[in-house]
Amino acid sequence: MSEIIIETPAIEQIGILYNKLGQGKKVAVFYDTHTAKLFEKDISQELNKQGFHFITIVIEAKESSKSFETAFKVYGDMIQANVDRSWSVIAVGGGVVGDLAGFVAASFMRGIPIVQIPTTLLAMTDSSIGGKVAINHPLGKNMIGFFHKPIIIIIDPAYLKSLPKREIYGGLAEVLKYALIIDEEFLDYLEDYFDEIVALKSPYIEEAIARSVDAKVKVVNDDYKEQSGIRAILNFGHTFAHAFEKLSNFEDMRHGEAVLLGMSCASCLSETLGNISSETTSRINDIILRFNIDPALIQTYFLNVEPAAIIENMKSDKKKADGYNRFTLLEDVGRAYLHYERIDEEDITDAIEQAKAVFR
Ligand SMILES: NC(=O)c1ccc[n+]([C@@H]2O[C@H](COP(=O)([O-])OP(=O)(O)OC[C@H]3O[C@@H](n4cnc5c(N)ncnc54)[C@H](O)[C@@H]3O)[C@@H](O)[C@H]2O)c1
Ligand SMILES: [Zn+2]
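What counts and what doesn't
- Residues numbered from 1 in each chain as written.
- Chains lettered and ligands numbered in written order.
- Predicted model: local features only at pLDDT ≥ 70, side-chain atom pairs only at ≥ 80, totals over all residues.
- Heavy atoms only, no water.
- Donors = N, O, S within 2.8 Å, 3.2 Å for Na, K, Ca; no water.
- Helix = DSSP H or I, 4+ residues; strand = E, 2+ residues; numbered from the N terminus.
- Phe/Tyr/Trp six-rings, centres within 6.5 Å; stacked < 30°, edge-to-face > 60°.
- Buried < 20%, exposed > 50% of the residue type's maximum accessible area, 1.4 Å probe, protein only.
- Lys NZ or Arg CZ within 6 Å of the ring centre and 35° of its normal.
- Expected span 1.5 Å × (residues − 1).
- Near = heavy atom within 4 Å.
- Polar contact = N/O pair within 3.5 Å; in protein donor to acceptor, adjacent residues only side chain to side chain.
- Areas by Shrake-Rupley, 256 points an atom, 1.4 Å probe, with all protein chains shown as cover.
- Nonpolar A, V, L, I, M, F, W, Y, C, P; charged D, E, K, R; others polar.
- Domains from an automatic or database assignment.
- Salt bridge = Lys/Arg side-chain N within 4 Å of Asp/Glu carboxyl O.
- Contact = heavy atoms within 4.5 Å.
- Buried area = accessible area lost by both parts, 1.4 Å probe.
- Patch = residues over 30% accessible without salt bridge, like charges linked within 9 Å, V, L, I, M, F, W, Y side chains within 5 Å.
- Lys, Arg positive; Asp, Glu negative; His and termini not counted.
- Charge placed at Lys NZ, Arg CZ, Asp CG, Glu CD.
- 1 Å grid on protein atoms, 1.4 Å probe; cavity = no way out; pocket = protein on both sides within 12 Å on 5 of 7 lines; lining within 4 Å.
- Points joined across faces, edges and corners; volume = space filled by probe spheres on them.

> Would you take a moment to explain the coordination of the zinc ion (ligand 2) for this structure?
Put simply, a metal with four donors set out as a tetrahedron has ideal angles of 109.5 degrees, and one with six donors set out as an octahedron has ideal angles of 90 or 180 degrees. In this structure, Glu 174 (OE), His 238 (NE2) and His 255 (NE2) serve as the protein donors to the zinc ion (ligand 2), at separations of 2.0 to 2.1 Å. Written as a sequence motif, the donor arrangement for the zinc ion (ligand 2) is E-x63-H-x16-H. One end of the pair, Glu 174, is in helix H6 (residues 165-182); the other, His 255, is in helix H10 (residues 255-272), with 81 residues separating them in the sequence.

As structure tokens, this is what we get:
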């Protein structure tokens, strides 16, 4: 299991955690161009103070840094700095840095440890946890990668202060997902303290992160390599979301925004199949409406798109099996499951129409 700490300030603990694990204090610290500006000075100072020997690696702050080209260049920097198997990698950033640094760590000299210091809400609650690391292939996102669990995850919620609100909402989409799939009580909490969490107020933001981390750890521990289908519940809303992201060319719409619309559709579909009541669907849609998604985005990539086109764009989602999409749906709030059977296109269309009405 990974050592996980959530506190402010957290970086001061790094030496203690390394000692506890008997891990040598030689590290390659990865940032992107933004997180280097924001955090490199402080983190370097702390590493120096605590007797670490380290090199710094900065990648471009963009999704396309998750590539073989970037990894290959970074391997070169590490070889030149005499990095060997006694070293570890530390990733300071969002999911892009975490995934690329994790990919490099998993493959460099057949694998060295990775430590995650997530700096976006999405990375703190989702991508830094669970051990999936990947780069993109021109034919598909996250296609090439490993399961490589971090030895340590250091979460300092204060790092979120510089994060644009849109990124906060994006991360919060996954937080809401955890409540919907395994923790109904957490949904009550999110409904009560939504504004405080968005405003990063203590102790609400810490609590939201901690409960999300617990949820993800629990699901991942039950099904680390996605074999039993349990981990698939993390995919709630994501099959529909894939269509919206694809329709927006993976550019205009943030992943979290697509997931919110996707969770609305998936909740409506759960109702269409008779799993949940219309009151439950309304409750879920009400909180989704509090996320302030840009109405122009909703119009262009959802309301103006025919259900048939949305369904068509879901078909390349990698979670499909036997030629049809397998949806993660709700049995109730806090209880998601993977629906193995094929669902009639008519039912999917009805659900999309119902979800559209929510956003009109
Ligand atoms: N491995 C997994 O299990 C997993 C899960 C979900 C998503 N992902 C991956 O995560 C990536 C998305 O991650 P993301 O949303 O964190 O995006 P990101 O890493 O691109 O970060 C978003 C932006 O915020 C900037 N930033 C980071 N921290 C900041 C801070 N504290 N203040 C100000 N700006 C900051 C970044 O430089 C970047 O410009 C995708 O590549 C996705 O595939 C992986
Ligand atoms: Zn997601």
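There's more to say after this.
> Looking at this structure, how should I read the packing of aromatic side chains?
Any pair of aromatic rings gets described here by the distance separating the centres and the angle formed by the planes. Inspection of every chain in the model, using the stated rule, returns 14 aromatic pairs. Ring geometry for Tyr 193 and Tyr 204: centres 4.6 Å apart, planes at 25°, overall stacked. Pair noted here: Tyr 193 is in helix H7 (residues 184-198) and Tyr 204 is in helix H8 (residues 204-222), with a separation of eleven residues, a long-range link. Under the relative-accessibility criterion, Tyr 204 is labelled partly exposed at 22%. In this structure an aromatic cluster arises from ring pairing among Phe 68, Phe 103 and Phe 146. It is Lys 149 that lies over the ring of Tyr 224; its NZ or CZ is 4.5 Å from the centre. Of note, Arg 211 hangs over the ring of Tyr 189, and the distance from its end group to the ring centre comes to 5.6 Å.

> Could you clarify how one ought to interpret H10 in this entry?
Given 3.6 residues to a turn, an α-helix orients residues that are three or four positions apart in the same direction. Over its 18 residues, H10 runs 25 Å from end to end, which matches the ideal 26 Å to within 8%, given 1.5 Å per residue. Judged by how many residues are buried, H10 sits mostly within the fold: 16 of 18 residues are covered. One or two steps after H10, the chain reaches Gly 274, where phi turns positive at roughly 85°.

> How should I be thinking about the site of ligand 1 in this particular structure?
Neighbouring ligand 1 are 26 residues, the closest being Asp 32, Glu 63, Thr 119, Thr 120 and Ser 162. A distance of 2.8 Å separates an oxygen atom of ligand 1 from a polar backbone atom of Gly 95. Contacts to ligand 1 include Lys 141, whose side-chain N or O atom sits 3.1 Å from an oxygen atom. Burial of ligand 1 by the protein chains amounts to 86% of its free accessible area of 860 Å². Where the shell around ligand 1 is concerned, the elements lending two or more residues are helix H2 (33-49), helix H4 (95-107), helix H5 (121-127) and strand E7 (140-147). Residues that form the shell around ligand 1 fall into these classes: seven nonpolar, nine polar and ten charged. Mapping the shell around ligand 1 onto the domain boundaries places at least three of its residues in each of domain 1 (3-156) and domain 2 (165-359).

> Help me out: how do you make sense of the pattern of salt bridges in this one?
Where charged atoms of side chains with opposite charge meet at close range, the side chains can pair. Counting across every chain of the model gives 20 salt bridges. A salt bridge links Lys 73 to Asp 77, with the shortest nitrogen-to-oxygen separation between them at 3.1 Å. Placement of the pair is Lys 73 and Asp 77 together in helix H3 (residues 68-80), with a separation of four residues, close to one helical turn. The class of Asp 77 is partly exposed, set by a relative accessible area of 28%. One salt bridge connects Arg 211 with Glu 207, and the closest N-O pair in it is separated by 3.4 Å. A residue pair is termed a helical-turn pair when its members lie 3 or 4 positions apart in one helix, as Arg 211 and Glu 207 do in helix H8 at four residues. In this structure Arg 211 comes out as buried when scored by relative accessible area, which is 17%. One continuous salt-bridge network, built from bridges that share partners, spans Glu 63, Lys 66, Asp 99 and Lys 141.

> Teacher, can you tell me more about the domain arrangement of the protein chain here?
Interface size, as often reported, equals the accessible area lost upon joining of the parts. Here the protein chain is described as being made up of domain 1 (3-156) and domain 2 (165-359). In this structure, domain 1 and domain 2 have C-alpha centres spaced 28 Å apart. Taken together, the 17 residues of domain 1 in the interface contact 23 residues of domain 2. Of the roughly 1700 Å² buried between domain 1 and domain 2 on both sides combined, carbon and sulfur atoms contribute 69%. Interface area lost by domain 1 to domain 2 is led by Leu 121, Thr 125 and Phe 147, which between them contribute 34%. Put simply, domain 1 and domain 2 have two salt bridges between them. The shortest N-O distance in the salt bridge between Glu 226 and Lys 132 comes to 2.9 Å. The interface formed by domain 1 and domain 2 includes five residue pairs in polar contact (both at pLDDT 80 or more). Mapped by element, the contributors of at least two residues to the side of domain 1 that touches domain 2 are strand E1 (3-6), H5 and E7.

> Just to check I follow, could you spell out a negative patch on the surface for this structure?
Residues Glu 306, Asp 344, Glu 345, Glu 346, Asp 350 and Glu 353 make up a contiguous surface patch of negative charge. Here Glu 345 shows up in helix H14 (residues 345-359).

> Sorry, what's going on with the environment of Cys 265 here?
Relative to the helices and strands, Cys 265 resides in helix H10. Separated by 67 residues in sequence, Cys 265 and Asp 332 have C-alpha atoms that sit 15 Å apart. Residues contacting Cys 265, with those up to four places away along its chain left out, are Phe 240, Phe 244, Phe 302, Ala 351 and Ala 355.

> Quick question: what am I supposed to make of empty space enclosed by the protein here?
The full count for this structure, using the stated rule, is three cavities of 30 Å³ or more. Forming the boundary of the largest cavity are Met 1, Ser 2, Ile 4, Ile 129, Gly 130, Lys 149, Pro 150, Ile 153, Val 217, Val 220 and Asn 221. It is H8 that provides the largest number of residues to the lining of the largest cavity, a total of three residues. Classifying every residue of the lining of the largest cavity by side-chain character gives seven nonpolar, three polar and one charged.

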